Amino acid sequence: MITCSNCETAQFLQITQSRVYFEDGEMINEISETYECTLCGATGQYVYDEDRDTETVTGDVELTTERPEYA
């Protein structure tokens, strides 16, 4: 789950830009999403790279497998 690291919740996150990259026209190779928190104004980006099987999160958002403190 992507959460705002300032507000510790995903409730106010809004996707402001989303891109999906296809290398061969069929398989998804990369997903890129830019987020903005409508509560505090924080921004961040999530990128999933299929080739490397990695997830990268930058800015004021974080990736967590746990339930946020404020849901």
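One can find the structure itself at the top, above this paragraph.
Heads up: these notes are all about the structure in this document. The numbers attached to residues start from 1 for each chain and follow its sequence in the written order. Given that the model is predicted, a residue must reach a pLDDT of at least 70 before its local features are reported, and side-chain atom pairs must reach 80 or more before they are shown or counted; all residues, however, enter totals for whole chains, interfaces and linings. Neither water nor hydrogens contribute to the side-chain values; these are computed over all heavy atoms in the structure.

Notes on the overall build of the chain
Point 1. Each helix is a run of DSSP H or I of at least 4 residues and each strand a run of E of at least 2, with the numbering of both proceeding from the N terminus. For the chain, the helix and strand inventory stands at zero helices and six strands.
Point 2. Counting from the amino terminus, the chain carries its helices and strands in the arrangement β-β-β-β-β-β.
Point 3. For the C-alpha atoms alone, the extent of the chain along its principal axes is close to 40 × 25 × 15 Å.
Point 4. Working definition: with a 1.4 Å probe on protein chains only, accessible area under 20% of the residue-type maximum means buried, over 50% means exposed, and in between means partly exposed. Counting all 71 residues of the chain, 27% fall into the buried class.
Point 5. When checking whether two residues touch, look at their non-hydrogen atoms; a contact exists if any pair is within 4.5 Å. Contacts spanning at least 24 positions in sequence make up 35% of the contacts within the chain whose residues lie at least 6 apart.
Point 6. Each accessible area is a Shrake-Rupley estimate made with a 1.4 Å probe; only the visible protein chains count as cover when residues are assessed. Summing over all exposed atoms, the chain offers an accessible surface of approximately 5,000 Å²; the carbon and sulfur share of this is 43%.

Comments concerning the environment of Thr64
Point 1. Within the secondary structure, Thr64 sits in the segment after β6 (61-63).
Point 2. C-alpha separation for the pair Thr64 and Met1, spaced 63 residues apart in sequence, amounts to 5.3 Å.

Remarks on the nonpolar core
Side chains of a nonpolar character, in soluble globular proteins, are inclined to be buried together.
Point 1. Only buried residues count toward a nonpolar core, which is a set of Ala, Val, Leu, Ile, Met, Phe, Trp, Tyr and Cys residues joined through side-chain atoms within 4.5 Å. The biggest cluster of nonpolar side chains holds ten residues, and these are Ile2, Cys4, Cys7, Leu13, Tyr35, Cys37, Ala42, Tyr46, Tyr48 and Val61.
Point 2. Elements with a minimum of two residues in this core: β1 (2-4), β3 (28-37) and β4 (43-49).
Point 3. Setting aside residues no more than four positions away along its own chain, Tyr48 makes contact with Asn29, Glu30, Ile31, Asp53, Thr54 and Glu55.

Interpretation note: all reported values are geometric properties and have no functional meaning in isolation.
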